Amino acid sequence: MIRLILALAAVAALTSTAVVADTWRTTEGNYVVKDFTFKSGEKLPELRIHYTTLGTPHRNASGEIDNGVMALHGTGGSGKSLLVPQFADELFGPDAPFDLKKTYVILPDGLGHGQSSKPSDGLRMAFPKYDYDDMVAAQHRLLVDGLGVKKLKVILGTSMGCMHAFVWGETYPGFAERLAPFACQSVEIAGRNRIWRKMTIDAIMADPAWNGGNYALQPLSGLRTSTYLGIIAGENPLAMQAQYPTRLAAEAALDKSVAAGMQGLDANDRIYQMDASRNYNPTALLERITVPVLWINSADDFINPPELGIAQREAMRMPHARFILIPATTQTRGHGTHTAAKFWKADLAKLLAIPVSAR
C-alpha cells in the first residue's frame, strides 16, 4: 500500500519511494534465521530478514542497548520506504523525536517484503503462507538475536506496521515501552477493507498470465487492477480534486502513478502481502497493552474510515491510550497521512516524553 500511495503522491509533486532522503547515513544488513517455523507449521531452512539502521546504539551500565526505536512500513513497502523526506527529514534531525544523535532507528523489511525472504525468491506459491504473527515473530528474532536489542523506546507502525504494533503489544508486552500505531484498526480485517483486498488478489489470480503463480512474464492486467485499487484506497479525495481539477489532469496523473506503482511489482509477492492480514484480530486481548499508546488515524482514510467509530471505541480499552483523528484537508494525504510526520510529530514527541514509570 505505501508504495502505491507514494507513487501517486509523486505525481502531485510530493516525494515517491524512488527519491530517498539522502541526508541520512544508513547501515544495511541481513539476519538469517535458521529453521524458521511458521504458525501454519510450514518451515523455511533459512529466513532472511533485511534491515536498515540509522544512528548509533547506546549501551547502559548493564551493557544493554537502551536507545532503540523501530519503525514499521506498510503493505508492499520496505524499511527504506520510510526514508522519504516527509518522514525522515521531520523525525531524524537535531531535537526531532528520533534525533539520530540520541536514537538508534531500526527499519526492518517485513517478511515477504523488500529484500527479506519472499515468494519471488523462487518458491512462488509454495512459499509458506505467512501472516502478521509470523512477520512480528521474525522482527522479534531480528531484534533479539540479530541486533541484540531486548527493549525498545517505541514501536511506530504505519498501516500494516500499525497493525503489527498491536500484535507486538499483545505478543511481547512491555518489549516496547510505548506504541505509536498510525492508520489502522484493532479489529479483524472485514467489511470494505477485506473486500478491496480480496478484489486485488482475485484480479491477479483471474489474469490468465498468472498461471497458478508459475508465470513466465508478470500478469500485467491483474497487477494494473491491483494498482488501481491501491490508488483509490490510499488517496485523499479533497486533495485529488484540488490537484487534478480537470479530466485531462486527472487522467495524466493516473497514467503516471500507475506506471510508477507497477514498477518492480511481483504478482505472487503481492498476493501474499495482501492476504497476510487474514488472521489479524487483536481486539480480544487489547487489555494486555498497558504501555502508553498514541493511536492516530486520519479522517480522509478510505481503508480506515472514521465513521466506523472503531478506534474511538477500542482505544478506551487500553489504560494509557490516546486516540487522535486528523481532520481531512487538501493538505492531508488520505491513508498516506501516516507517513507525513508534520501532521503528528508533536504528538509523537509528547508520547516519547512520558516517563516509563508513569504507567
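Here the structure is a predicted model, which is why all the values come from computation and not from measurement.

Chemist: I'd like a rundown of the state of the cysteines, residues and numbers included.
Modeler: In this structure the tally under the stated criterion is one disulfide. Between the sulfur of Cys162 and that of Cys184 lies a disulfide, 2.0 Å long from S to S. Disulfide Cys162 to Cys184: torsion about the S-S bond roughly -65 degrees, handedness left-handed. Remark: Cys184 occurs in the loop between β6 (179-182) and α5 (191-206) and Cys162 occurs in helix α4 (residues 160-171); sequence separation between them is 22 residues. Note on accessibility: Cys162 and Cys184 belong to one class, buried.

Chemist: So, the packing of helix α3 (residues 132-147) against α4: which residues are in play, and what are the values?
Modeler: Between two packed helices, what matters for the description is the angle formed by their axes and the separation of those axes. Their axes nearest at 10 Å, the elements α3 and α4 cross at an angle of 75 degrees. Compared by their axis directions, α3 and α4 come out roughly perpendicular. The residues of α4 that touch α3, namely those facing Tyr132, Asp133, Met135, Val136, Gln139, His140 and Leu143, are Met160, Met163, His164, Val167 and Trp168. Residue composition of the contact of α3 with α4, by class: eight nonpolar, three polar and one charged.

Chemist: Give me the lowdown on the sheet that holds strand β8 (residues 321-326), citing residues and values where you can.
Modeler: The eight strands lie next to each other as β1-β2-β4-β3-β5-β6-β7-β8, forming an open sheet whose pairing is mixed. The open sheet terminates on both sides in strands that have one partner only, identified here as β1 (26-37) and β8. When the angles between neighbouring strand axes are averaged without regard to direction, this sheet yields 20 degrees. Bridge count between strand β2 (residues 43-54) and strand β4 (residues 104-108): four bridges; the pairing is antiparallel. Paired with Tyr51 across the bridge in β4 is Pro108. Against the sheet, α4 contacts β3 (68-72), β5 (154-158), β6 and β7 (293-298), and its axis sits at roughly 145 degrees relative to β5.

So, how was this worked out
Residues numbered from 1 in each chain as written. Predicted model: local features only at pLDDT ≥ 70, side-chain atom pairs only at ≥ 80, totals over all residues. Heavy atoms only, no water. Disulfide = S-S within 2.5 Å. Helix = DSSP H or I, 4+ residues; strand = E, 2+ residues; numbered from the N terminus. Buried < 20%, exposed > 50% of the residue type's maximum accessible area, 1.4 Å probe, protein only. Axes fitted to C-alpha atoms, helices over the stretch in contact; angles between N-to-C directions. Parallel < 35°, antiparallel > 145°, perpendicular 65-115°, else oblique. Contact = heavy atoms within 4.5 Å. Nonpolar A, V, L, I, M, F, W, Y, C, P; charged D, E, K, R; others polar. Pairing = 2+ DSSP bridges.

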